[in-house]
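# Analysis of the macromolecular model
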Amino acid sequence: MTEKFSERWEGNLGGIKGSIRPIKPLKRQVNVAVRQIERQINRINGYIEYYTRRDKELSEKILQAYEKHDEARAKIFANELAEIRKHKNLLMASKMSLDKAALRLRTIYEYGNFMSVVCSAREVVQNVRSSISDLIPGIRPELSQIESLLNDIILNTREKASINLNLGVESEEAEKILEEAAMVAESKIKVKLPDSPKDSSERAHR
């Protein structure tokens, strides 16, 4: 980390310049963004758990309907289950994207190319907001707030033209750490789904 960036990162800009125009430490701003992202991840987790429970309930109802030879009712449940799974998969993908964005923001000090990481995180938040805002009430303005915070960090940083923000391309070791963390995160949220209604139907008629 360059000396100038270290001053900007920690907020230790001394001398007359520091006293006349105090600046917010980039580290503090990034930490705020990470905490806000993590709050949204927790919200998404709650919905994933709900959809997982609903998935199991509907799967059981489909089997019960077939046992009673009520194919019309089974079809209704199957359509609802298909929608539930679609929403759940979207939420799981969004959660993984936010997880990775938060991880990269947390590792800026050691490994990151600052502007690349922050811009990437902002793009992730934008994409997640457009993808799941209709599924989780109230999440749109909170994600917009995170996006605005990241945008402010980018704009304020670019104004400091005298500061070299490029910490270099992430090392191979850093990329390996990020990839391993993403794999762990993915394995933790994967839920073994029950057989599809079609498979259950085939077994019931055998």
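Residues numbered from 1 in each chain as written. Predicted model: local features only at pLDDT ≥ 70, side-chain atom pairs only at ≥ 80, totals over all residues. Heavy atoms only, no water.

## Re the packing of helix H4 (residues 71-106) against helix H6 (residues 114-132)
Between H4 and H6, the shortest axis-to-axis distance is 9 Å and the interhelical angle comes to 160°. Judged by the angle between their axes, H4 and H6 are roughly antiparallel. Both H4 and H6 take part in a crossing whose hand is left-handed. Residues Leu90, Leu91, Ser94, Ser97, Leu98, Ala101, Arg104 and Leu105 of H4 lie in contact with H6, whose contacting residues are Val117, Val118, Ala121, Val124, Val125, Val128, Ser131 and Ile132. Taken together, the residues that form the contact of H4 with H6 break down as 12 nonpolar, three polar and one charged. (Axes fitted to C-alpha atoms, helices over the stretch in contact; angles between N-to-C directions. Helix = DSSP H or I, 4+ residues; strand = E, 2+ residues; numbered from the N terminus. Parallel < 35°, antiparallel > 145°, perpendicular 65-115°, else oblique. Left-handed = near helix turned anticlockwise from the far one by under 90°. Contact = heavy atoms within 4.5 Å. Nonpolar A, V, L, I, M, F, W, Y, C, P; charged D, E, K, R; others polar.)

## Thoughts on the packing of aromatic side chains
Within the structure shown, the criterion is met by one aromatic pair. Both rings, one in Tyr50 and one in Tyr51, keep their centres 5.5 Å apart while their planes meet at 55°; by these two values the pair is tilted. The exposure class assigned to Tyr50 is partly exposed, which follows from its relative accessible area of 39%. With relative accessibility at 8%, the residue Tyr51 sits in the buried group. (Phe/Tyr/Trp six-rings, centres within 6.5 Å; stacked < 30°, edge-to-face > 60°. Buried < 20%, exposed > 50% of the residue type's maximum accessible area, 1.4 Å probe, protein only.)

## Quick word on the confidence of the model for the protein
Summarising the model, the protein shows a mean pLDDT of 78, and 65% of its residues fall at 70 or more. Within the model, pLDDT remains below 50 along residues 15-20, and this stretch shows one contact once partners closer than five positions in the same chain are excluded. pLDDT under 50 marks residues 196-200. Its contacts with residues more than four places away, or in other chains, come to eight contacts. (pLDDT = per-residue confidence, 0-100.)

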